[in-house]
Amino acid sequence: GAVVSQHPSWVICKSGTSVKIECRSLDFQATTMFWYRQFPKQSLMLMATSNEGSKATYEQGVEKDKFLINHASLTLSTLTVTSAHPEDSSFYICSAPGTSGGYEQYFGPGTRLTVT
Amino acid sequence: AQSVTQPDIHITVSEGASLELRCNYSYGATPYLFWYVQSPGQGLQLLLKYFSGDTLVQGIKGFEAEFKRSQSSFNLRKPSVHWSDAAEYFCAGAILTGANNLFFGTGTRLTVIP
């Protein structure tokens, strides 16, 4: 149980285009999901908290107009990187809290974005 | 500020040797602490967690961790490392604001040599 999937697993896009990444909780519902960004050989940095039915909460320094988050249902959150630039190339990871009250999070396998 | 620190960027051990990965925390109160492992192509997997009670926590894959308040540490240990343990290990702490935010350390890459 508690499986989180992401799609696509990797994507290459041209500079100036937009890319959508999906995060799904497969066997549980998640009113909250988290989006992280991981640079090579670095830690995970929380970008935003996605809330079902309401606006996402962005961390300081994250451009909300560039990284659009939509939590359309209890099992799906999407991150859209708009007008992508090479500096947006990174590994994007989503997670969802478990439902047992244990405060752990379940992570998706990540999406590797390369902007050329 | 609340944070976790992993002082070792990269550790190499021989297969069958013991392992200890260090994690230090800085929190205003007793933190909730986790160890996750990240293997290539896979999502982060929870190894173990500490909330309260017994300070020696057993996890999956033969890992354990010990919470030491006096040292502000939560080090991960395994008595005998297997080649399949080669991965990136992250220590994390929880902020219990209702959103369950996690703060991650910078990670320790483990290399296992035969």
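Shown above is the structure to which this text applies.
1. Digging into the overall build of chain B
1) Next: Regarding its fold elements, chain B presents 0 helices and 12 strands.
2) Next: Secondary structure elements in chain B, listed N-terminal to C-terminal, are β-β-β-β-β-β-β-β-β-β-β-β.
3) Next: Taken over 114 residues, chain B has a buried fraction of 46%.
4) Next: Long-range pairs, those at least 24 residues apart, make up 53% of the contacts in chain B with a sequence separation of at least 6.
5) Next: Total accessible area on chain B stands at roughly 5400 Å², and carbon and sulfur atoms take up 51% of it.
6) Next: Between the centroid of the 8 positive side chains of chain B and the centroid of its 8 negative side chains there is a distance of 4 Å.

2. Brief notes about the interface of chain A and chain B
1) Next: Residue-level contacts link 18 residues of chain A with 20 residues of chain B.
2) Next: Summed over both partners, the interface of chain A with chain B comes to about 1500 Å²; 59% of that surface belongs to carbon and sulfur atoms.
3) Next: Ranking the residues of chain A by area buried against chain B places Ser43(A), Tyr103(A) and Phe107(A) at the top, with a combined share of 36%.
4) Next: The tally of links between chain A and chain B comes to 0 salt bridges.
5) Next: The tally of links between chain A and chain B comes to 3 residue pairs in polar contact (both at pLDDT 80 or more).
6) Next: Of all elements in the fold, only β4 (32-38), β5 (44-51), β9 (90-97) and β10 (105-107) of chain A reach the threshold of two or more residues within the side of chain A that touches chain B.

Definitions and cut-offs
Within any chain, residue numbers begin from 1 and follow the written order of that chain's sequence. By the order in which they are written, chains take letters starting at A while ligands take numbers starting at 1. Since the coordinates come from a predicted model, pLDDT governs what is reported: local features require at least 70, and pairs of side-chain atoms require 80 or more to be given and counted, while whole-chain, interface and lining totals use all residues. Only hydrogens and water are set aside when side-chain values are computed; all heavy atoms of the structure are taken into account. Put simply, DSSP H or I for four residues or longer makes a helix, DSSP E for two residues or longer makes a strand, and each gets a number counted from the N terminus. Buried, partly exposed and exposed residues are distinguished by accessible area as a fraction of the type maximum, computed with a 1.4 Å probe on protein chains only: under 20%, between the cut-offs, and over 50%, respectively. Any two residues whose heavy atoms approach within 4.5 Å at even a single point are treated as in contact. We get accessible surface area from the Shrake-Rupley algorithm with a probe of 1.4 Å; when it comes to residues, only the shown protein chains can shield them. Charge counting treats Lys and Arg as positive and Asp and Glu as negative, with His and both chain ends excluded. The atom standing in for a charge is NZ when the residue is Lys, CZ when it is Arg, CG when it is Asp and CD when it is Glu. Throughout, buried area stands for the accessible area (probe radius 1.4 Å) lost by two parts on being put together, summed over both. Between Lys or Arg on one side and Asp or Glu on the other, a salt bridge is scored when a side-chain nitrogen of the former is within 4 Å of a carboxyl oxygen of the latter. Polar contact is the term for a pair of N or O atoms within 3.5 Å; when the atoms are in protein, one must be able to donate a hydrogen and the other to accept it, and sequence-neighboring residues count only if both atoms are side-chain atoms.

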